[in-house]
Amino acid sequence: MSHGLEPTEEYDGSIAVHLLNDRSGREEIRCVSYQEAIAVVKANHRSVTVAKIVDRAGDVVFTSAEMAIDDWETEWERAKRRLSVDVEEYDCPHDNIACFADDLCIDCQIDRVKEQY
C-alpha cells in the first residue's frame, strides 16, 4: 500500500507498436505514450521490414514504409503543440498542408519578406 496521493486515472497502454519482419513474423509492443512508441520504433525500425504505430482506436498513425520516424515525430510534436495552444486559423495561399500561422512554409515566408518592400 502506498502513502500519499493516489493516481487519479489509469492508462491501459493501448498504443501499440507493431514490428513486422519477413523472417520472424510480427511482434506487438504495448506502450504507455506516444513518446515511448516513438522510442521503440527508433530502436527497432532498421532491423525490421516495417514498423507501425497503432493508436487507441486501432488506426495506423505511422508506418515506416511511408515516412521516416524522425519526420513523423516532428509533425506529431507540432500537432500536439497546436492542440495545447489557441492558434489562429491560417489558409496557405500555396496549398501547403504543413503551413501554419506560427510555422509558415518557405513560400509564405518569402511572400512576407516581399510585402515588406
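Everything numeric in this text was worked out from a predicted model, so none of it was measured.

Quick word on the environment of Leu20
In step 1: For Leu20, the location among the structural elements is in strand β1 (residues 15-21).
In step 2: Judged by relative accessible area, Leu20 falls into the partly exposed class, the value being 24%.
In step 3: Taking the C-alpha atoms as reference points, Leu20 and His45, 25 residues apart in sequence, are found 9.5 Å from one another.

What about the sheet that holds strand β4 (residues 60-63)?
Strand pairing in a sheet relies on backbone hydrogen bonds. The paired strands run either parallel or antiparallel.
In step 1: The strand order across the open sheet built from four strands is β2-β1-β3-β4, with neighbouring strands paired in antiparallel fashion. For this open sheet the edge positions go to β2 (25-31) and β4, each flanked by a neighbour on one side alone. For this sheet, the mean angle separating the axes of adjacent strands, direction not counted, is 20 degrees.
In step 2: Each of β1, β2, β3 (50-54) and β4 is contacted by helix α1 (residues 34-44), which is oriented at about 15 degrees to β1, the strand it contacts most.

A short note on the nonpolar core
In step 1: Judged by nonpolar contacts, the single largest core of 16 residues is most densely connected at Val17, Val41, Ile53, Ile69 and Trp72.
In step 2: Elements that contribute at least two residues to this core include exactly β1, α1, β3 and α2 (69-84).
In step 3: With five residues, α1 is the single largest residue contributor to this core.
In step 4: The residues touching Val17, leaving out its near neighbours within four places in the chain, are Glu27, Glu28, Ile29, Cys31, Ala37, Val40, Val41, Lys52 and Ile53.
In step 5: Among the nonpolar cores identified, the runner-up in size contains five residues, and Cys92, Cys99, Leu104 and Cys108 belong to it.

So, the packing of aromatic side chains
In step 1: The final tally for this structure, using the stated rule, is four aromatic pairs.
In step 2: Each ring, one from Tyr34 and one from Trp72, has its centre 6.4 Å from the other, and the planes form 45 degrees; the classification is tilted. Of the two residues, Tyr34 is situated in helix α1 and Trp72 in helix α2; the sequence distance between them amounts to 38 residues.
In step 3: What makes Tyr34 buried here is its relative accessible area of 17%.
In step 4: On the basis of relative accessibility, which here comes to 11%, the residue Trp72 falls in the buried class.

The rules behind each value
- Residues numbered from 1 in each chain as written.
- Predicted model: local features only at pLDDT ≥ 70, side-chain atom pairs only at ≥ 80, totals over all residues.
- Heavy atoms only, no water.
- Helix = DSSP H or I, 4+ residues; strand = E, 2+ residues; numbered from the N terminus.
- Buried < 20%, exposed > 50% of the residue type's maximum accessible area, 1.4 Å probe, protein only.
- Pairing = 2+ DSSP bridges.
- Axes fitted to C-alpha atoms, helices over the stretch in contact; angles between N-to-C directions.
- Contact = heavy atoms within 4.5 Å.
- Core = buried A, V, L, I, M, F, W, Y, C linked by side-chain atoms within 4.5 Å.
- Phe/Tyr/Trp six-rings, centres within 6.5 Å; stacked < 30°, edge-to-face > 60°.

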